[in-house]
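The chain contents come next:
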Amino acid sequence: MSLSSRAFGLESSFFIRASSLIKITIAARHFLSSGLIPFAVSNPPSAKTAITPRRDEDFPEWYQQVVRAAELAEPSDVRGCMVIRPWGYGIWENMQRRLDAMFRATGHRNAYFPLFIPLSYFAKEAEHVQGFAKECAVVTHSRLEVDADGKLKPASALTEPLVVRPTSETIIGASYAKWVQSYRDLPILINQWANVVRWEMRPRLFLRTTEFLWQEGHTVHETEAEARAETKQMLEVYERFVRDHLAIPVFSGEKSESERFPGAVQTLSIEAMVQDRKAIQAGTSHFLGQNFARASGIQFQNREGKQEFGWTTSWGASARLVGTVVMMHADDDGIVLPPRIAPTQIVILPVTPKEETRAAVLEACDKLAKELREARYVDLPIEVEVDRRDLGGGVKNWEWIKKGVPLRLEIGPRDIASGNAMVSRRDRPVKAKELMSIQELVFSAPEILASIQQNLFERAKKFRDENTCIINSREEFYDFFTPKNSAKPEIHGGFAVAYWNGSREVEEQIKDDLKVTIRVIPFDSSAEPGQCIFTGQPSSRRVVWAKSY
């Protein structure tokens, strides 16, 4: 049974619909008019695709090949770490810019804190260090020296080992303890863009690597109510960002006790569904109560003149969002980028069959690029690139298809004479082209990009909703998450919405049996009580279960 998004008060479409201004359709206009290509429709076995294997054949390997073909990233010589290539880093930079603007709009400012954390800082917060102990990289020596065999070896042991930050609550708390003396010093609203290290045994580019890029916000407040409001506000920032910029719908809510951030009183999360129907945690916000303030000594004189511990929060999102975009929007020919985060939104491909017309074509392409850059999309100049490389047109075209650039424009001698350009949208079949006047193209480019962004969101939301099911029995639940082919599991499952009695033992049993966890306890003031499908005991509400990355 499909679950309507209204059941959880999910967002309605935020996009403004944009009608197409294309005048001449070259291929399959009746199919393209919606701009939506269902995920469930795979290329037939005989069809040639740029990515091998296809999604329905081997989703994990398909993902790796898409990342490679799009030149997003590659494994480094350091086990578990990756090299983020310019196209992948450009996507992350755009995410940074958009998110950072949203943080600043809510009063936050950026700072930077040390990469190394004294071991004693972690020891102050037992639950926190226990949660990260197995993932920590530890520095024990300060220099290298050459031994008798001419080999380098560590020398000069440190007085106290240093942990390479897996997260920064403890080291930032030490600074806050110095800065906060009075209620007048509050709130402290600081974000940090940084790298962190969590020793990863099974790395996967962008999704799980030993070192990864992220942002982490850390705030201190005068009252519990203010800190809780901050926690909720920042989750809403993440939800808007992922929806409006990444074109991905999410479920938002609270984590169960077993899934909370180590040391937190409450963890809130947004969860996205990708094309193999698994969940990806796309952003988290934690209410830390006074736990970390007590451990770090963050105290202030309150309005009554008494000493009180601060109320703290932390919240973060990482470069795994790049991987989430790939897994959500890519197809069997490469990635498909939402225009709002694409490093290049429009690429112009000069068609130069003869040397004597090459200069005129390049001049026309440069002129069009200049005019397009003067147009604005979401109040920013459109990012345009003219591909002047001395390569075959087909080779260049497929490179940009695999990189997911939203709009590809082809201009040749005949197009100059007629004042037209051939237009290809990445949210439509790769061979579909539409002829459009250059004058009209310049005028309507922002609207076309908005239409692509809208289509990607609607397609992702339709897929999410079709694979979110209300489940009312244990048998149905186990069937939902059990593949028919255990030797080579097919894509199966999705988001299951089912009653749960709040038992941690039930959570652990389901995790052991099916590798399924509670992703969120949804925010829903109208939730109706029922019976836990596993125990028959009373349940206050349904929760969202899924397999996850």
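Residues numbered from 1 in each chain as written. Predicted model: local features only at pLDDT ≥ 70, side-chain atom pairs only at ≥ 80, totals over all residues. Heavy atoms only, no water.

S.K.: Tell me about the nonpolar core, and please be specific about residues and values.
M.R.: Ranked by size, the top nonpolar core spans 66 residues in total, and within it Leu72, Ile91, Met95, Phe206, Val242, Leu246 and Ile335 carry the most contacts. Among the elements that line this core, the one with the most residues is helix α3 (residues 86-105), at 7 residues. Beyond its immediate chain neighbours, meaning those up to four positions away, Val242 contacts Ala247, Ile248, Val250, Ile270, Ala282 and Leu321. Membership of the second largest hydrophobic core comes to 29 residues, among which are Ile382, Leu407, Leu441 and Ile452. (Core = buried A, V, L, I, M, F, W, Y, C linked by side-chain atoms within 4.5 Å. Buried < 20%, exposed > 50% of the residue type's maximum accessible area, 1.4 Å probe, protein only. Helix = DSSP H or I, 4+ residues; strand = E, 2+ residues; numbered from the N terminus. Contact = heavy atoms within 4.5 Å.)

S.K.: Tell me about the environment of Phe241, and name the residues and values.
M.R.: Here Phe241 shows up in helix α7 (residues 224-244). Residue classification places Phe241 among the buried positions, given a relative accessible area of 0%. Remark: the alpha-carbon pair of Phe241 and Met102, spanning 139 residues in sequence, is separated by 8.2 Å. Excluding anything up to four places from it in sequence, Phe241 contacts Met95, Arg98, Leu99, Met102, Leu246 and Leu321.

S.K.: Tell me about the packing of aromatic side chains, and please be specific about residues and values.
M.R.: Applying the stated criterion to the full structure yields 20 aromatic pairs. Measuring from ring centre to ring centre gives 5.9 Å for Phe212 and Trp214, while their planes differ by 85°; the resulting arrangement is edge-to-face. Seen in terms of ring centroids, Phe534 and Trp545 are 5.4 Å apart; in terms of plane orientation they differ by 65°. Their pairing is edge-to-face. Linking Phe534 in the loop between β26 (530-531) and β27 (538-539) with Trp545 in strand β28 (residues 542-546), this pair joins segments that are 11 residues apart in sequence. Three or more aromatic residues link up through ring pairs in this structure, and these residues are Phe477, Tyr478, Phe480, Phe481, Trp500, Phe534 and Trp545. It is Lys232 that lies over the ring of Phe523; its NZ or CZ is 4.6 Å from the centre. (Phe/Tyr/Trp six-rings, centres within 6.5 Å; stacked < 30°, edge-to-face > 60°. Lys NZ or Arg CZ within 6 Å of the ring centre and 35° of its normal.)

S.K.: Give me the lowdown on the sheet that holds strand β6 (residues 137-146), citing residues and values where you can.
M.R.: What holds strands together in a sheet is hydrogen bonding between their backbones, with the strands either parallel or antiparallel. One open sheet accounts for 3 strands, arranged β5-β7-β6; its pairing is antiparallel. Edge strands, defined here as strands with exactly one partner in the open sheet, are β5 (116-118) and β6. Within the sheet, the average angular offset between the axes of one strand and its neighbour, ignoring direction, is 50°. (Pairing = 2+ DSSP bridges. Axes fitted to C-alpha atoms, helices over the stretch in contact; angles between N-to-C directions.)

S.K.: An account of the packing of α3 against helix α9 (residues 320-329) is needed here, citing residue identities and associated values.
M.R.: The N-to-C vectors of α3 and α9 enclose an angle of 110°; their axes lie 9 Å apart at closest approach. Comparing the axis directions of α3 and α9 gives the class roughly perpendicular. In terms of crossing hand, the pair formed by α3 and α9 is right-handed. Contacts between α3 and α9 involve Ile91, Trp92 and Met95 on the former and, on the latter, Leu321, Val322 and Val325. (Parallel < 35°, antiparallel > 145°, perpendicular 65-115°, else oblique. Left-handed = near helix turned anticlockwise from the far one by under 90°.)

S.K.: Before we move on, can you summarise the pairing of strand β21 (residues 420-425) with the specific residues and values?
M.R.: Side-chain positions along a regular strand alternate between the two faces of the sheet. With 5 of 6 residues buried, β21 is to be regarded as a mostly interior element. As paired strands, strand β20 (residues 407-411) and β21 are joined by 4 bridges and run antiparallel to one another. Bridge assignment links Leu407 to a residue of β21, and that residue is Arg425. Here β21 pairs with strand β22 (residues 434-437) via 4 bridges, running antiparallel. Bridging across to β22, Asn420 finds its partner in Ser437.

S.K.: Any details on the sheet that holds strand β9 (residues 211-221)? Residues and values, ideally.
M.R.: Strand order in the open sheet formed by 11 strands is β4-β8-β9-β15-β12-β11-β10-β25-β28-β24-β23, and the pairing between neighbours is mixed. Only two strands of the sheet have a single partner each, and these edge strands are β4 (109-110) and β23 (468-470). Pairing analysis gives 4 bridges linking strand β24 (residues 495-499) to β28, with the strands arranged antiparallel. Bridge pairing links Ala496 to Trp545 in β28. Where α7 meets the sheet, its contacts fall on β8 (188-197), β9, β10 (251-254), β11 (266-273), β12 (279-289) and β15 (311-318), and the angle it forms with β12 comes to roughly 165°.

S.K.: For unusual backbone geometry, give the residues involved together with the corresponding values.
M.R.: Residue Pro53 is bonded to the preceding Thr52 through a cis peptide linkage, with omega at 0°. Inspection of the secondary structure assignment puts Pro53 in the loop between α1 (29-32) and α2 (59-69). Cis geometry marks the peptide bond from Leu186 to Pro187; its omega dihedral reads 0°. Positionally, Pro187 belongs in the loop between α6 (169-179) and β8. For Phe206, which is not glycine, the phi torsion reads 70° and is therefore positive. As for its position among the elements, Phe206 is in the loop between β8 and β9.

S.K.: Before we move on, could you go through the pattern of salt bridges and cite the residues and values that matter?
M.R.: Using the criterion set out here, one finds 27 salt bridges in the structure. Between Asp331 and Arg426 there is a salt bridge, with its nearest N and O atoms 2.8 Å apart. Taken together, the residues Asp331 in the loop between α9 and β16 (346-350) and Arg426 in the loop between β21 and β22 connect sequence positions 95 residues apart. Here the two residues Asp331 and Arg426 agree in accessibility, since each one is buried. Within this structure, Arg54, Asp56 and Glu57 form a network of salt bridges that share partners. (Salt bridge = Lys/Arg side-chain N within 4 Å of Asp/Glu carboxyl O.)

S.K.: Kindly report on α2, identifying the contributing residues and their values.
M.R.: What α2 keeps buried is the set Phe59, Trp62, Tyr63, Val66 and Val67. Taken around the axis of α2, the buried residues stretch over an arc of 135°, which confines them to a single face. As for α2, its buried residues are in contact with β2 (73-75) and α9. One side-chain oxygen of the residue at the start of α2 lies 3.3 Å from the amide nitrogen of Glu61, identifying that residue as Asp58. Downstream of α2 by a residue or two, Glu71 has a phi angle that is positive, lying close to 55°. (Arc of directions from axis to C-beta. Polar contact = N/O pair within 3.5 Å; in protein donor to acceptor, adjacent residues only side chain to side chain.)

S.K.: Outline a negative patch on the surface, listing residues and values.
M.R.: Judged by side-chain charge, Glu505, Glu508, Asp512 and Asp513 come together as a negatively charged surface patch. Exposure remark for Glu508: the relative accessible area of 35% places this residue in the partly exposed category. (Patch = residues over 30% accessible without salt bridge, like charges linked within 9 Å, V, L, I, M, F, W, Y side chains within 5 Å. Areas by Shrake-Rupley, 256 points an atom, 1.4 Å probe, with all protein chains shown as cover. Lys, Arg positive; Asp, Glu negative; His and termini not counted. Charge placed at Lys NZ, Arg CZ, Asp CG, Glu CD.)

S.K.: Provide a residue-level description of the packing of α2 against α9, including the pertinent values.
M.R.: Orientation of α2 relative to α9, taken along the N-to-C sense of each, is 115°, at an axis distance of 11 Å. Crossing handedness for the pair α2 and α9: right-handed. Within the contact between the two elements, α2 uses Phe59, Trp62, Tyr63 and Val66 and α9 uses Gly323, Val326 and Met327. Tallied by class, residues from the contact of α2 with α9 come to 6 nonpolar, 1 polar and no charged. (Nonpolar A, V, L, I, M, F, W, Y, C, P; charged D, E, K, R; others polar.)

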